[in-house]
Structure formats: structure tokens, C-alpha cells
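As a plain string of letters, each chain reads:
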There are 2 protein chains.
Amino acid sequence: MTSVSTEPRETDGPTPATAPTGGSAAQRERRRRILDATITLAAEGGFDAVQMRAVAEQAEVALGTLYRYFPSKIHLLVSALAREFTKDVDRSAIRATPGDTAHERIMYVLNRRTRALQKQPKLTEALVRAFMFADQSVTGEIHEVGTSLTTVISRAMHGTPDHGEVTEEEAAIIRIISDVWLSALISWVTGRMDAEDVEKSIDVAVRLLLR
Amino acid sequence: MTSVSTEPRETDGPTPATAPTGGSAAQRERRRRILDATITLAAEGGFDAVQMRAVAEQAEVALGTLYRYFPSKIHLLVSALAREFTKDVDRSAIRATPGDTAHERIMYVLNRRTRALQKQPKLTEALVRAFMFADQSVTGEIHEVGTSLTTVISRAMHGTPDHGEVTEEEAAIIRIISDVWLSALISWVTGRMDAEDVEKSIDVAVRLLLR
DNA sequence: GACTGATGTAGAACGTGTTACAAGTCTAGA
DNA sequence: TCTAGACTTGTAACACGTTCTACATCAGTC
């Protein structure tokens with residue numbers, strides 16, 4: 001973490017496979033291997049265990065290649081988080097969320113994801129801390145995560161996979177719920193809240209906001 | 001940041017002056033110099049500029065001494081943040097917050113602090129990112145910051161310096177407002193929101209929560 | 001097939017957070 | 001005053017994120 005620069009990073013021309021799509025099949029494959037290795041290492045030992053040399057070795061790419069794909073450890077971890085979140089978005093697109101009220105549906109979605117995260121505390125610690133530590137240069141990946149979260153909550157709010165129009169107020173509420181959820185996760189990751197507190201704090205926020 | 005361990009840190013007996021009070025006069029003086037140096041360096045160059053060797057040099061203590069007082073860079077920065085926040089608490093204890101409604105008073109307090117932070121973007125970047133990156137071992141310092149924030153908002157809510165009883169619901173609201181504020185600050189620090197967005201997002205949250 | 005530029009590899013090197021250590025200094029109590 | 005122990009200093013060493021360099025490989029073009 002010696003120099004996670006605050007300045008925007010220079011792109012040395014078209015980076016080969018920073019985007020999930022594009023690049024040759026071999027490149028998409030390498031990207032996948034790198035993210036898989038990241039998740040594996042993070043799940044085993046958390047943020048500190050995701051060492052760039054170890055990721056490169058496990059993904060069977062050279063260190064330089066790893067850096068060509070992901071310009072920093074933070075980019076790497078946030079990209080991994082983005083990939084995980086994409087799964088929720090995909091799922092929420094397929095079928096309607098169970099629950100009779102917006103409150104129930106939102107809690108259902110967030111609790112499902114929360115519990116999944118809590119099953120892998122080390123992984124969560126790595127991903128959440130990277131997300132929180134990210135600086136300006138990671139704006140793109142961060143935004144991707146934010147969009148996924150917003151989409152999922154928005155769908156849960158309306159109960160249907162199609163987005164529908166989201167009012168200004170709804171958008172504000174969704175943003176606040178996201179903030180509370182992330183804060184709670186951070187608190188949980190760092191041992192300041194237990195699993196139950198997390199669900200409770202989100203529940204209270206949702207209740208206060210949707211009344 | 002090579003090894004911000006997730007494990008709780010061993011205390012090698014009574015640390016000399018980790019607490020703001022206690023220790024000899026010379027020790028309190030050293031602690032003050034260290035935190036002053038931290039703030040100065042952070043204000044000039046942000047998180048990356050707060051280099052432990054530089055802090056030690058500017059504070060005129062040995063590197064080992066710096067680490068004896070603050071066991072990591074994160075502890076150092078979060079302690080600096082805690083000291084800054086204490087000032088707000090002290091101020092809020094002296095006089096009533098201006099404003100006719102809880103909404104106005106809370107916005108007054110938070111906006112005042114927000115603008116103060118925005119005047120020193122580098123410093124804010126350093127402090128906020130350290131706060132967000134903090135792990136379990138920093139629980140004490142983090143809690144100190146959280147308590148200050150809660151106290152200030154709570155006083156603003158009621159309009160008087162005396163705490164009064166805070167209901168369960170009020171406490172929940174205060175926590176949510178804190179979460180939103182911190183999230184907004186992070187977004188601002190990393191360039192994902194501008195100054196106006198920060199105030200607006202807090203305003204919306206306060207309005208939704210206090211209605 | 002040979003050339004060329006982009007991509008990948010292996011490994012050294014650098015910077016900064018952190019730890020370790022030997023020696024000096026200060027303080028409390030005999 | 002003297003001594004034991006805690007504290008401080010100065011400096012070296014180590015770990016890991018990041019950068020750099022020299023060379024190999026591969027895809028597309030002639």
C-alpha cells in the first residue's frame with residue numbers, strides 16, 4: 001500500500017483487459033484466473049493475504065502481467081467485489097424478490113447478501129476494506145459496485161425485475177440504505193458489530209426511511 | 001501498509017502515552033508534537049505524505065518512539081482525527097446550537113464541520129481514509145470518534161448542551177445520519193461527489209429521518 | 001517464412017510501513 | 001549518590017506494494 005496515489009493514473013494506451021469483456025479469449029481467461037486467485041486468497045487470509053506476488057503465482061501469470069490487468073491491489077480487490085455483486089444483479093433480474101412489502105423485499109435481498117458475506121468473513125474483510133480505502137483512481141470500479149447495489153435494492157423495492165422509473169426520493173432512500181449497509185458491514189468486519197446488529201441496523205434504517 | 005494486521009495487537013505492558021492524558025509532562029508533550037506533525041504533513045500531502053519517518057523527524061522523536069506511542073500509521077491518523085473531533089464536542093458543550101428545528105440545528109453542525117474539512121482536502125483525505133481502513137486493533141480510537149460524533153449530533157438534535165435522555169429511535173437516527181455523513185465524506189474525498197452533493201445528501205437523509 | 005509491435009515472463013530494484021537491536025538517558029527509590 | 005528499570009535514540013533489517021528491465025512469445029502483415 002506504499003503508494004496508492006491520489007492522482008488519477010495514467011493509462012498507458014488501451015489497457016489489455018481491464019474491462020471484463022473485450023480482449024482475446026486468452027486475456028479473458030487470464031483475467032478470470034487472476035480474480036479467482038484473488039477471491040481464493042482473500043477467503044483464506046483476508047486483506048493481508050492477498051499479496052500481489054501470491055496472486056500472480058496462483059493465477060500463473062507474471063507479476064508484471066498482473067499489474068497490467070489491475071494497476072493496484074485495490075483495483076484488483078474492488079474488481080473482484082464488482083464481479084461478485086454482478087451475480088446478485090443477474091439473479092435479481094431473473095425472478096421477482098419474495099416479500100409482500102418493500103421493506104420485506106429489501107430486507108430479504110440485503111440479508112441474503114449479508115449472510116453470504118458473513119459466511120466468509122476473511123473474504124468480506126478484504127473486499128470491504130479495499131472498497132473503503134479506494135481512492136480516485138478506482139472511481140470506475142467503485143461506480144460499478146454502486147450501480148449493482150442500487151439496481152438490486154431498487155428492484156427489491158418495487159418487487160419486480162424491471163427497473164421502472166425511480167423517483168428522486170426513492171433514489172435518495174436507496175443511497176441512504178446503501179450507506180447504512182456498507183457502514184454496518186465495515187463495523188462488522190472490524191468487530192464493532194455482530195451479525196445480528198448488522199441486520200438490525202439495516203432494518204431500522206429501512207423502516208425509518210420507508211414509513 | 002504492509003501489515004495492518006487483523007488480529008488484536010499485543011500490548012507490551014502499559015503503553016506510555018497512548019491515552020491523551022496520563023504519562024509525564026514530557027510524554028504528553030511528545031504525544032502532542034507527534035499529532036501536530038501528523039496533521040501538518042497530512043494537510044500538505046494527504047495520506048501518502050504522512051510517512052512514519054517524516055512524522056518522527058518533524059516531531060523530533062525517534063521512529064521507535066513514534067511506534068511506542070502509536071502502534072501503526074492508522075492508529076496515528078485516527079487518533080489525530082479523534083483529537084480534532086474533540087474540539088467540536090467541546091464547542092457544542094459550551095453554547096446552544098443555532099437553529100429553530102432539529103433539522104436546522106443538525107445541518108448547522110454538520111455543515112460547519114463539513115466545510116471545515118473541505119477547506120483542507122488533503123488533511124481530510126488522510127483522516128477519512130485512515131478511519132475507513134482501520135481494522136479491529138483500532139477499535140478504541142474509532143469508538144472515540146463515533147462517540148464524539150454522536151454527542152455532537154445528539155446535542156444539535158435537542159438544541160441544548162445537556163445530553164438529556166436519548167430514545168432508542170433517536171439513537172438509531174443519529175447513527176444513520178453519521179453513516180450517511182461519513183459515506184458522503186468518503187465520496188467527496190475520492191472525487192465521486194462535490195461539496196454541494198455532500199450537503200445535499202445529508203440534508204435529504206436528515207429530512208427523511210426526522211419527518 | 002520473416003518482420004514488427006503488443007503482450008507476457010522472470011526477476012531485480014525501490015519505497016515505505018514495521019520490527020529489531022544496541023546503546024544512551026532519565027526517573028524513582030534505596 | 002547510586003542503581004534498576006523504563007524510556008528514548010539511531011540505525012539496520014525485513015516485508016510487501018509497486019516499478020523497471022531485458023528477454024521471450026504470439027498475432028497479424030508483407
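Let us look at the structure shown here. This is a predicted model, so every value here is computed, not measured.

With respect to the overall build of chain A
- Check the secondary structure of chain A and you find nine helices and zero strands.
- Counting from the amino terminus, helix and strand elements in chain A follow one another as α-α-α-α-α-α-α-α-α.
- Buried residues in chain A amount to 49% of all 211 residues.
- Sequence separation of at least 24 residues holds for 70% of the intrachain contacts in chain A that already meet a minimum separation of 6.
- For chain A, the accessible surface area stands at approximately 9700 Å², while carbon and sulfur atoms represent 52% of it.

Digging into the pattern of salt bridges
- Taken as a whole and assessed by the stated rule, the structure comprises 21 salt bridges over all chains.
- Taking the shortest distance from any N to any O, the salt bridge between Asp 36 of chain B and Arg 83 of chain B comes out at 2.7 Å. With Asp 36 of chain B in helix α1 (residues 25-49) and Arg 83 of chain B in helix α4 (residues 73-94), this residue pair connects regions lying 47 residues apart in the sequence.
- Judged by its relative accessible area of 27%, Asp 36 of chain B is partly exposed.
- The exposure class of Arg 83 of chain B is partly exposed, given its relative accessible area of 25%.
- Salt bridges sharing partners connect three or more residues here, namely Glu 29, Arg 32, Arg 33, Asp 36 and Arg 83 of chain A.

Thoughts on the packing of aromatic side chains
- Scanning the model with the defined rule gives five aromatic pairs over all chains in all.
- A centroid spacing of 5.3 Å and a plane angle of 75° characterise the contact between Phe 47 of chain A and Phe 133 of chain B, whose relative ring orientation is edge-to-face. Here Phe 47 of chain A, found in helix α1 (residues 25-49), pairs with Phe 133 of chain B, found in helix α6 (residues 121-133), and the two come from separate chains.
- Judged by centre distance (6.1 Å) and plane angle (40°), the ring pair of Phe 85 of chain B and Trp 181 of chain B falls under tilted. Note that Phe 85 of chain B is positioned in helix α4 and Trp 181 of chain B in helix α8 (residues 168-189), a separation of 96 residues in sequence. Each of the two residues, Phe 85 of chain B as well as Trp 181 of chain B, counts as buried.
- Among the aromatic residues, those joined into a cluster by ring pairs are Phe 47 and Phe 133 of chain A together with Phe 47 and Phe 133 of chain B.
- Its guanidinium or amino end placed over the ring of Phe 47 of chain A, Lys 73 of chain A lies 4.1 Å from that ring's centre, counting from NZ or CZ.

Analysis parameters
- Residues numbered from 1 in each chain as written.
- Chains lettered and ligands numbered in written order.
- Predicted model: local features only at pLDDT ≥ 70, side-chain atom pairs only at ≥ 80, totals over all residues.
- Heavy atoms only, no water.
- Helix = DSSP H or I, 4+ residues; strand = E, 2+ residues; numbered from the N terminus.
- Buried < 20%, exposed > 50% of the residue type's maximum accessible area, 1.4 Å probe, protein only.
- Contact = heavy atoms within 4.5 Å.
- Areas by Shrake-Rupley, 256 points an atom, 1.4 Å probe, with all protein chains shown as cover.
- Salt bridge = Lys/Arg side-chain N within 4 Å of Asp/Glu carboxyl O.
- Phe/Tyr/Trp six-rings, centres within 6.5 Å; stacked < 30°, edge-to-face > 60°.
- Lys NZ or Arg CZ within 6 Å of the ring centre and 35° of its normal.

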